[in-house]
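# Structure assessment
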Amino acid sequence: MTVWIAIAATAAGCYLVKLLGLLVPAGALERPLVRRLAALLPVALLAALTAQQTFSTGHHLELDARGAGLAAAAVALLLRAPFLVIVGAAVLVTAGVRALGG
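None of these values were measured; they are calculated from a predicted model.

### Some points on the overall build of the chain
The helix and strand tally for the chain stands at five helices and two strands. Ordered by position from the N terminus, the helices and strands of the chain form the series α-α-α-β-β-α-α. Computed over its C-alpha atoms, the radius of gyration of the chain comes to 20 Å, more than 25% above the 13 Å expected for a compact globule of 102 residues. With respect to the three principal axes, the spread of C-alpha positions in the chain is 55 × 45 × 25 Å. Residue burial in the chain is summarised as follows: out of 102 residues, 11% are buried.

### Some thoughts on the side chain of S56
Topologically, S56 is positioned in strand β1 (residues 56-57). Residue class for S56 comes out buried when judged on its relative accessible area of 19%. Side-chain polar atoms of S56 contact the backbone oxygen of Q52, separated by 2.5 Å. Excluding residues that lie within four positions of it along the chain, S56 makes contacts with A51, E62 and R66.

### Observations concerning the pattern of salt bridges
Throughout the structure, instances matching the rule amount to two salt bridges. Taking the shortest distance from any N to any O, the salt bridge between R35 and E30 comes out at 3.6 Å. A salt bridge links R66 to D64; its shortest N-O distance comes to 3.2 Å. A residue is classified by how much of its surface remains accessible, and R66, at 22% relative accessible area, is partly exposed. For D64, a relative accessible area of 22% gives the class partly exposed.

### A look at the environment of A65
Along the chain, A65 turns up in helix α4 (residues 65-78). Spatially, the C-alpha atom of A65 lies 7.8 Å from that of V93, the residues being 28 residues apart in sequence.

What counts, and where the lines are drawn
- Residues numbered from 1 in each chain as written.
- Predicted model: local features only at pLDDT ≥ 70, side-chain atom pairs only at ≥ 80, totals over all residues.
- Heavy atoms only, no water.
- Helix = DSSP H or I, 4+ residues; strand = E, 2+ residues; numbered from the N terminus.
- Rg over C-alpha atoms; globule rule 2.2 N^0.38 Å.
- Buried < 20%, exposed > 50% of the residue type's maximum accessible area, 1.4 Å probe, protein only.
- Polar contact = N/O pair within 3.5 Å; in protein donor to acceptor, adjacent residues only side chain to side chain.
- Contact = heavy atoms within 4.5 Å.
- Salt bridge = Lys/Arg side-chain N within 4 Å of Asp/Glu carboxyl O.

Structure follows, in structure tokens:
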């Protein structure tokens, strides 16, 4: 039963956060600093999530095939490859390193 209480509390919390976002005055959202932060925050959060998922297992830093795949994706991105090519390069390199025993 405690799982359902946690789910209900999370749903209520999400609803309240959404409601608080709607109550922010429009003038506060038009400030240059707020607009710049709103544009950069998702990029920073995605980069942090990518780094955490790529280089850690539990509480330990681990450099394995996932890092090689991320490096391949970064190189493809620097070469301005299409998105599917970037993902494909990451998959192929990761699979190749894992097949070689890494």
